[in-house]
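A look at the structure
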Amino acid sequence: MGKGIIAASLAKLLQARGFKVTNQKLDPYINVDPGTLNPYEHGECYVTVDGHEADLDLGHYERFTNVETHRANNITTGRIYQNVINKERRGDYLGKTVQIIPHITDEIKRNIKLLGNKGDFDFVITEIGGTVGDIESLPYIESVRQLRWELGKNCLIVHLTYVPYLAAAKELKTKPTQHSVKALQEQGVQADILVLRTEHTISMDIRKKVALFCNVDTSAVMQSIDVPTIYRVPLNMQDEKLDEVVLTKMGYDLEKTPKADMERWTAFVEKLENATEEVHIAIVGKYVQLPDSYKSIIESLIHASAYNNKKLKLELILSDKLNDENVEKKLGKMDGIVVAPGFGQRGMEGKFAALKYTREHNIPTLGICMGMQTMSIEFARDVLGYADANSTEIDPDTTHKIVDIMEEQKDILDLGGSMRLGAYKCKLKKGSKVYEIYNKENINERHRHRYEFNNAFKEDFEKAGMVCSGMNVESNLVEIIELQSHKWYVGVQFHPEYSSTVVNPHPLFISFMKAAIEK
């Protein structure tokens, strides 16, 4: 439906008027966080700077607003119940019977108000996952009903509904919207604004009809029509006056509020939409059947292609189906290759085939997380001649543990902190390609992994021309490798895609795209 994009678009419009805004996602599933979910279940797992594994909508929020999100920006039912049960076990409820109302709803409200209570923001935009009528969303809707009374004019409700188009009758149907609004009203919540998701323009007559049947002002019935790029949505919602209606309903004087400055955003969208020359990039990964599994990587490539005035032609290639026999056919016409992250053995051999091909044919290649690890294993096998080189995640008995859990990490494992999560410092080697790309010595990048490049092989790699050009000084762990003899062959242990935004595209992706274009 696009709730995340509408929430991010509203945030962008309010921010463009000078307000301090943050977004929050409430997920009704019982997992404590999406860290254990297969990407096919829920798309990619996004990681915040403070090391929280979060819903992919937080990626949209950051890409649109350029404001970092944290643990408090994503709440799941699992976390809510876990918090309440922990309080009950400690005796915090003083012997009371613990119930959905008020205990679960109070915990939800506390989490919704957490960001606002800090005083850092003028607006907190909270998105509730799922659909009205879902049994798992009920406590969240009830919490919103209560907040409406507690916060008064400081609380506003936007309801996104779908208006289907019946091709046979050539007609838009508003009944699903009416039923959705009615279902919400039955739970005690009246929307202030309706955003109608549609494939066809919604006429003023239809808007008036919806307003009449759904108890909202006609001016508060807006359309969100299909667009070629999600980055067009904030501009469309500005045309629909979403930000104006929100501010008016919340008691702001529009004459005293600055107009939204969307100049940089509009310039980016125009670059994106007007580019005609194509650049062909492939993502080689094991979850390509669901593109959302690599959402942040795809968006980072879109940012980089637009800033390089090129139209991205993206191909998603399943690494399971890739081998030495078909790799040329599948990758030969590509300008650049990204080898994607992922856990476990499936699809590893296909990544090796891709990396051997791009390394030997001088095709710009970016390896991310497991992509860097496969890059180092392939190099060890084919260049250094260590035939059984592997990661101990895949083969614990290999005699060449190119990727392993480091000794200093093993102590941490016993404490239960088995992954490096969130932002870590990295020092870049002067004179290296990545130093030139970032144009500074010290960077901070987000991680989500358990295994590391084994420093025992660092000297062998560097003698053969694969330089360890980025290090975490505190833990002496390799963060970046790059092949000196290659045009652009870089592997990073971190996830640069998490911090690429519309106004600040990531320098690694910009440089990778430039190399692909110059190929």
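Model, not experiment: these values are computed from the prediction.

Further remarks concern the nonpolar core. Counting residues in each nonpolar core, the largest one holds 79 residues, and the members touching the most others are Ile-193, Tyr-231, Ile-281, Leu-301, Val-338 and Leu-508. Looking at this core element by element, the count peaks at nine residues for helix α1 (residues 3-16). Residues in contact with Val-338, not counting those within four places in the same chain, are Ile-281, Ala-282, Ile-283, Val-284, Ile-297, Leu-301, Leu-366, Ile-368 and Phe-512. Grouped together as the second largest cluster of nonpolar side chains are 38 residues, Leu-331, Met-348, Phe-352 and Ala-389 included.

Right, let's talk about the sheet that holds strand β22 (residues 489-492) for a bit. Taken in spatial order, the nine strands of this open sheet run β12-β11-β13-β14-β22-β21-β20-β17-β18, and their pairing is mixed. Both outer strands of the open sheet, β12 (311-318) and β18 (442-449), are each paired with one neighbouring strand and no more. Neighbour to neighbour, the strand axes of the sheet diverge by 25 degrees on average, direction disregarded. Two strands pair when backbone bridges link them, and strand β11 (residues 278-285) and β12 are joined in this way by eight bridges, in the parallel orientation. Bridge pairing in β12 places Val-279 opposite Leu-312. Running over the sheet, helix α19 (residues 507-518) touches β11, β12, β13 (336-339), β14 (365-368) and β22 and is turned about 120 degrees from β11.

Further remarks concern the sheet that holds strand β16 (residues 401-404). Pairing within the open sheet is mixed, and its three strands lie in the order β15-β16-β19. The sheet is open, and its two borders are formed by β15 (390-391) and β19 (452-453), each paired with just one other strand.

Mapped onto the elements of the fold, Ser-9 is located in helix α1. Leaving out residues up to four positions away in the same chain, Ser-9 has contacts with Phe-64, Val-233, Pro-234 and Met-237.

Let's shift gears to the layout of surface pockets. Size it by volume and the largest pocket reaches roughly 1300 Å³. Lining the largest pocket are 45 residues, with Thr-126, Glu-127, Leu-156, Ile-157 and Val-158 positioned closest to its centre. Secondary-structure elements contributing two or more residues to the lining of the largest pocket are α1, α5 (100-117), β5 (123-128), α6 (138-151), β6 (158-162), α7 (175-186) and α10 (242-249). The element that contributes the greatest number of residues to the lining of the largest pocket is β5, accounting for six residues. Residues belonging to the lining of the largest pocket are distributed by class as follows: 29 nonpolar, eleven polar and five charged.

To continue, consider the environment of Glu-325. Note on placement: Glu-325 falls in the loop between β12 and α13 (327-331). On the basis of relative accessible area, Glu-325 is assigned to the exposed category, the value being 72%. Sequence separation between Glu-325 and Ser-137 is 188 residues; the distance between their C-alpha atoms is 50 Å.

Before going further, it helps to examine the pairing of β11. Counting buried positions along β11 yields six of eight residues, so the element is predominantly enclosed. Between the parallel elements β11 and β12, the chain passes through helix α12 (residues 295-307) in a crossover that is right-handed. Where β11 meets β13, four bridges bridge the pair, whose relative direction is parallel. Its bridge partner being in β13, Val-284 is matched across the sheet by Val-339.

Our next topic: the packing of α7 against helix α8 (residues 204-214). Where α7 contacts α8, the two axes come as close as 10 Å, and the packing angle between them is 25 degrees. Comparing their axes, α8 and α7 come out roughly parallel. Considering only the axes of α7 and α8, their crossing is right-handed. Contact residues: Thr-177, Gln-178, Val-181 and Gln-185 in α7; Lys-209, Val-210, Phe-213 and Cys-214 in α8. Of the residues in the contact of α7 with α8, the class split is four nonpolar, three polar and one charged.

Under the defined criterion, the tally for this structure stands at 34 salt bridges. A salt bridge links Lys-87 to Glu-107; the nearest nitrogen and oxygen atoms lie 2.7 Å apart. Of this pair, Lys-87 sits in helix α4 (residues 77-90) while Glu-107 sits in helix α5, and the two are 20 residues apart along the sequence. Neither Lys-87 nor Glu-107 differs from the other in exposure class; each is buried. Here Lys-109 makes a salt bridge to Asp-106, at a shortest N to O gap of 3.6 Å. Taken together, the positions of Lys-109 and Asp-106, both in helix α5 and three residues apart, correspond to about one turn of that helix. Salt bridges sharing common partners tie together Lys-25, Asp-27, Asp-55, Asp-57 and Glu-127.

Thresholds, definitions, all that
Residues numbered from 1 in each chain as written. Predicted model: local features only at pLDDT ≥ 70, side-chain atom pairs only at ≥ 80, totals over all residues. Heavy atoms only, no water. Core = buried A, V, L, I, M, F, W, Y, C linked by side-chain atoms within 4.5 Å. Buried < 20%, exposed > 50% of the residue type's maximum accessible area, 1.4 Å probe, protein only. Helix = DSSP H or I, 4+ residues; strand = E, 2+ residues; numbered from the N terminus. Contact = heavy atoms within 4.5 Å. Pairing = 2+ DSSP bridges. Axes fitted to C-alpha atoms, helices over the stretch in contact; angles between N-to-C directions. 1 Å grid on protein atoms, 1.4 Å probe; cavity = no way out; pocket = protein on both sides within 12 Å on 5 of 7 lines; lining within 4 Å. Points joined across faces, edges and corners; volume = space filled by probe spheres on them. Nonpolar A, V, L, I, M, F, W, Y, C, P; charged D, E, K, R; others polar. Right-handed = clockwise from strand over helix to strand, strands pointing away. Parallel < 35°, antiparallel > 145°, perpendicular 65-115°, else oblique. Left-handed = near helix turned anticlockwise from the far one by under 90°. Salt bridge = Lys/Arg side-chain N within 4 Å of Asp/Glu carboxyl O.

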